[in-house]
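# Secondary and tertiary structure notes
For reference, the chains in residue letters:
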Amino acid sequence: MKYNFDEITERRGTYSLKWDGGEFIKSHGLTKRYDEETIPLFTADMDLPVPQPMIDALHKTVDHKIFGYYPRRVGEAGRHLRGK
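Residues numbered from 1 in each chain as written. Predicted model: local features only at pLDDT ≥ 70, side-chain atom pairs only at ≥ 80, totals over all residues. Heavy atoms only, no water.

## Side note on the overall build of the protein
- Helix and strand counts for the protein come out as 4 helices and 0 strands.
- Counting from the amino terminus, the protein carries its helices and strands in the arrangement α-α-α-α.
- For the protein, contacts bridging at least 24 residues in sequence account for 47% of all contacts bridging at least 6.
- Here the protein has roughly 8,000 Å² of accessible surface; of this, 60% comes from carbon and sulfur atoms. (Helix = DSSP H or I, 4+ residues; strand = E, 2+ residues; numbered from the N terminus. Contact = heavy atoms within 4.5 Å. Areas by Shrake-Rupley, 256 points an atom, 1.4 Å probe, with all protein chains shown as cover.)

## A look at the environment of Asp 56
- Tracing the chain through its elements places Asp 56 in helix H3 (residues 52-64).
- A polar atom in the side chain of Asp 56 sits 2.8 Å from the side chain of Gln 52. (Polar contact = N/O pair within 3.5 Å; in protein donor to acceptor, adjacent residues only side chain to side chain.)

## A word on H3
- Taking 1.5 Å as the rise per residue, H3 with 13 residues should run 18 Å; its terminal C-alpha atoms sit 18 Å apart, in good agreement.
- Immediately downstream of H3, the backbone of Lys 65 shows phi near 70 degrees, a positive value. (Expected span 1.5 Å × (residues − 1).)

## Looking at the environment of Phe 5
- Here Phe 5 lies in the segment before helix H1 (17-20).
- For Phe 5, a relative accessible area of 63% translates into the label exposed.
- C-alpha of Phe 5 to C-alpha of Pro 49: the two residues are 44 residues apart in sequence and 10.0 Å apart in space. (Buried < 20%, exposed > 50% of the residue type's maximum accessible area, 1.4 Å probe, protein only.)

Put into structure tokens, the structure is as follows:
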């Protein structure tokens, strides 16, 4: 998948620790100043849009309406026990 690294995704106001957590970051002694003029220069994967195949997979799971743990190996074990 190709990314458009020139596209800016605004993260302020989205509960991002990097962009909205200045008080938290200051309270833990990581910096003395962290305000609206601060530009956090570390990069996180949350700064980039999620790839479309991941969004599609999440939609498929959500549309199924059942959220459970069903590892592939469990299914294989069940089929084996049933003799299928």
